[in-house]
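# Working through the structure, step by step
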Amino acid sequence: KKKHKKQKIKDDENKKIQDEKIVSSSALQFAKQALSQTPKDNSNNDESENNITLLLFYQYVDPPWDNATFNLALSHVQQTGNEYNLTGRMRVAKEGLNCTLTGSYDNIRSWCASLRQFHKGEFKDTEFKLTD
């Protein structure tokens, strides 16, 4: 019984340490919401080019894309990513997209808007997570 009590105290201490490592998120979620309506925080007086936005999202497609649609999606995200000067990782598969991207406030939102228009609106309900 004494050993069980010591283990419980140790478990409680470990949980407390883990809880202290949790960081609250400042990510904003946008699902089925017009990205252009997102309020811009002007509290930082730097030029907008110096403000970086982080975008995280994944979206599966059903049914999976055929080769032609996969190549079209790959071309679209590469071309628009270059056009909007984005950096990061874009994982493009026949099953969909998984992206972690950075760019300016306006360029990230423009890229998301273009993706929502892509191929029959497959990404119109995508939940984009943005951190400004």
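To start, this report covers the structure provided alongside it. (Residues numbered from 1 in each chain as written. Predicted model: local features only at pLDDT ≥ 70, side-chain atom pairs only at ≥ 80, totals over all residues. Heavy atoms only, no water.)

## Details of the overall build of the protein chain
Each helix and strand counted, the protein chain has three helices and five strands in total. Along the protein chain, helices and strands appear, N-terminal first, in the series α-β-β-α-β-β-α-β. When the 132 residues of the protein chain are sorted by exposure, 30% land in the buried category. Across the protein chain, every contact between residues at least 6 apart in sequence was considered, and the portion connecting residues at least 24 apart equals 71%. Within the structure as shown, the protein chain displays about 9,500 Å² of accessible surface, and the carbon and sulfur contribution to it stands at 48%. (Helix = DSSP H or I, 4+ residues; strand = E, 2+ residues; numbered from the N terminus. Buried < 20%, exposed > 50% of the residue type's maximum accessible area, 1.4 Å probe, protein only. Contact = heavy atoms within 4.5 Å. Areas by Shrake-Rupley, 256 points an atom, 1.4 Å probe, with all protein chains shown as cover.)

## Some thoughts on the nonpolar core
Counting residues in each nonpolar core, the largest one holds 21 residues, and the members touching the most others are Leu-55, Phe-57, Trp-65, Leu-97, Trp-111 and Leu-115. Broken down by element, the residue count for this core peaks at four residues, all from helix α3 (residues 105–117). Those residues within four positions of Trp-65 in sequence are excluded, and the remaining contacts are Phe-70, Ala-73, Val-92, Ala-93, Lys-94, Gly-96, Leu-97, Phe-118, His-119, Glu-122 and Phe-123. (Core = buried A, V, L, I, M, F, W, Y, C linked by side-chain atoms within 4.5 Å.)

## A word on the pairing of strand β4 (residues 96–104)
Two strands pair when backbone bridges link them, and strand β2 (residues 52–60) and β4 are joined in this way by nine bridges, in the antiparallel orientation. If you follow Leu-56 over to β4, its bridge partner there is Thr-100. Direction of pairing for strand β3 (residues 87–93) relative to β4: antiparallel, over a ladder of seven bridges. Counted as the bridge partner of Met-90 is Cys-99 from β4. In sequence, β3 turns back onto β4 through a hairpin of two residues. (Pairing = 2+ DSSP bridges.)

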